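Chain residues, written in single-letter form:
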Amino acid sequence: MGQLDGKVAIVTGAGRLRGIGRAIALRLAQVGADVAVTAVARPQERFPEAERQAGWRGAESVAEEIRALGRRALALDVDVTDGAQVRAMVDKTLEELGRIDILANNAGLALVAGKKALWELEDDEWSREVDVNLNGVYHCCKAVAEVLIRQGEGGKIVNLSSMAGRLGQARYGAYTPSKFGVVGLTQMLALELAPYKVNVNCVAPGSTDTDMMDGTFRRTGERMGIPFEMVKQGVSRFIPLGRQADPSEIAAVVAFLVSPRADYITGQCINVDGGVAML
């Protein structure tokens, strides 16, 4: 028997082969949940080489992996900045999977992290990052909270922030401010949903071996005029545990927070960063 048998989860931003969202979706399925995985569809020419070689198909590939584990899965193309699309995501999950018990808000965007100071940003770069990283969490929390309250059986919400949402990071555009906002939203919603037995927590990953993090390293390398690999190695030297996280290590913490073992934890932000931010 899995800890999440009979539960249904939604995981946003779960369409990348080397991503935290995929790792979360698979981990939840491994411990018994049926999972709706969402992502914004990407043209194949934007796929990293590893995805092209794997014949990757975004969220649908993750859904197939979940079905191979014996769980039900639903793949949805969702832009979390669009409230109507988010509501349609919730309705489709209820229609196909019957209920919703868990939401993992993982969808995120880092357009200029590692590259531009605040005064160098284009206004649309700022707005786009805030829209995905903070407004997207708002839309998903709002739509799922209404379902959890209506079902009357409690539930779990985990929002993904970042080490950059716990400690200020220079040249991170709107990524750092928006991820700080996710922590505040989590605390507020935890108080509002506590009477309904819905736990709301936050996970703040540090440097993790993903395509998104590699993009930040590349932009940093371009700005500093040094190779991408040198940036990546240099960052690992500043981590007390001496390495990046594997996405599965972030997923393990999310799986704990949505399990019955975390029923008395709410309003918290847990750093998973190898010891960088001890607060």
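Residues numbered from 1 in each chain as written. Predicted model: local features only at pLDDT ≥ 70, side-chain atom pairs only at ≥ 80, totals over all residues. Heavy atoms only, no water.

Peer 1: Which residues make up the nonpolar core, and what values do they have?
Peer 2: The nonpolar side chains of a soluble globular protein tend to be buried with one another. Judged by nonpolar contacts, the single largest core of 38 residues is most densely connected at Val11, Ile24, Leu28, Val35, Val37, Ile66 and Val203. Of all the elements in the fold, those that place two or more residues in this core are strand S1 (8–11), helix H1 (20–30), strand S2 (34–39), helix H3 (59–68), strand S4 (102–105), strand S5 (155–160) and helix H9 (247–257). Looking at which element gives the most residues to this core, the answer is H1, with seven residues. Sequence-distant contacts of Ile24, that is, excluding residues within four places in its chain, are made with Val11, Ala104, Asn106, Leu160, Ala251 and Val254. (Core = buried A, V, L, I, M, F, W, Y, C linked by side-chain atoms within 4.5 Å. Buried < 20%, exposed > 50% of the residue type's maximum accessible area, 1.4 Å probe, protein only. Helix = DSSP H or I, 4+ residues; strand = E, 2+ residues; numbered from the N terminus. Contact = heavy atoms within 4.5 Å.)

Peer 1: Please give an account of the pattern of salt bridges that cites residues and values.
Peer 2: Two side chains with opposite charge may pair up if their charged atoms get near one another. Summed over the entire model, instances satisfying the criterion amount to 19 salt bridges. Note that Arg42 is salt-bridged to Glu51, the shortest N-O span being 2.9 Å. Among the residues examined, Arg42 registers a relative accessible area of 16% and is labelled buried. The structure contains a network of salt bridges with shared partners spanning Arg16, Arg18, Asp209, Asp211, Asp214 and Lys232. (Salt bridge = Lys/Arg side-chain N within 4 Å of Asp/Glu carboxyl O.)

Peer 1: Give me the packing of H1 against H3: which residues, what numbers.
Peer 2: Pairs of packed helices are described in terms of their axes, by the angle between the two and the distance that separates them. With their axes 9 Å apart at the nearest point, H1 and H3 run at an angle of 20° to one another. By the angle between their directions, the pair H1 and H3 is classed as roughly parallel. Crossing geometry of H1 relative to H3 is assigned as right-handed. On H3, the residues that touch Arg22, Ala25, Leu26 and Ala29 of H1 are Val62, Glu65 and Ile66. Its residues assigned to classes, the contact of H1 with H3 shows five nonpolar, no polar and two charged. (Axes fitted to C-alpha atoms, helices over the stretch in contact; angles between N-to-C directions. Parallel < 35°, antiparallel > 145°, perpendicular 65-115°, else oblique. Left-handed = near helix turned anticlockwise from the far one by under 90°. Nonpolar A, V, L, I, M, F, W, Y, C, P; charged D, E, K, R; others polar.)

Peer 1: Describe the sheet that holds strand S7 (residues 269–272), with residues and values.
Peer 2: In spatial order, the strands read S3-S2-S1-S4-S5-S6-S7; together these seven strands make up an open sheet with parallel pairing. Among the strands making up the open sheet, the edge pair consists of strand S3 (73–77) and S7. For this sheet, the mean inter-axis angle between neighbouring strands, taken without regard to orientation, is 15°. With three bridges connecting them, S1 and S4 associate as parallel partners. (Pairing = 2+ DSSP bridges.)

Peer 1: Can you explain the packing of H1 against H9? Please cite residues and give values.
Peer 2: Where H1 contacts H9, the axes come no closer than 8 Å and their chain directions differ by 50°. By the angle class used here, H1 and H9 are oblique. Considering only the axes of H1 and H9, their crossing is right-handed. When H1 is examined against H9, the residues Ile20, Ala23, Ile24, Arg27 and Leu28 are found in contact with a partner set consisting of Pro247, Ser248, Ile250, Ala251, Ala252, Val254 and Ala255. Each residue belonging to the contact of H1 with H9 can be placed in one class, and the counts come to ten nonpolar, one polar and one charged.

Peer 1: Give me unusual backbone geometry: which residues, what numbers.
Peer 2: We note that Arg171 has phi near 55°; this positive angle belongs to a residue other than glycine. Within the secondary structure, Arg171 is located in the loop between S5 and helix H6 (175–193). For Lys197, which is not glycine, the phi dihedral falls at a positive 60°. Looking at where Lys197 falls in the secondary structure, it is placed in the loop between H6 and strand S6 (198–205).

Peer 1: Describe the environment of Arg22, with residues and values.
Peer 2: Note on placement: Arg22 falls in helix H1. Residues Arg22 and Val37, spaced 15 residues apart in sequence, show a C-alpha to C-alpha distance of 8.2 Å. With near-sequence residues (within four places) excluded, Arg22 lies in contact with Ala14, Arg16, Leu17, Trp56, Val62 and Glu65. Within the structure, Arg22 has its side chain in polar contact with the side chain of Glu65 (distance 2.7 Å). (Polar contact = N/O pair within 3.5 Å; in protein donor to acceptor, adjacent residues only side chain to side chain.)

Peer 1: Describe the packing of aromatic side chains, with residues and values.
Peer 2: Within this structure, the stated rule accounts for two aromatic pairs. Plain terms: the ring middles of Phe217 and Phe228 are 6.5 Å apart, the flat faces sit at 45° to each other, and that makes the pair tilted. Pair noted here: Phe217 is in helix H7 (residues 211–224) and Phe228 is in helix H8 (residues 228–237), with a separation of eleven residues, a long-range link. Comparing Phe217 with Phe228 shows no difference in burial state: the two are buried. The ring of Phe47 has Arg42 sitting right over it, with the charged end atom 4.4 Å from the ring centre. The ring of Phe228 is capped by Arg218, whose NZ or CZ atom sits 4.3 Å from the centre of that ring. (Phe/Tyr/Trp six-rings, centres within 6.5 Å; stacked < 30°, edge-to-face > 60°. Lys NZ or Arg CZ within 6 Å of the ring centre and 35° of its normal.)

Peer 1: An account of the side chain of Lys179 is requested, with residue identities and associated values reported.
Peer 2: Its location among the elements puts Lys179 in helix H6. When neighbours within four sequence positions are excluded, Lys179 is seen to be in contact with Asn133, Leu160, Ser161, Ser162 and Gly165.

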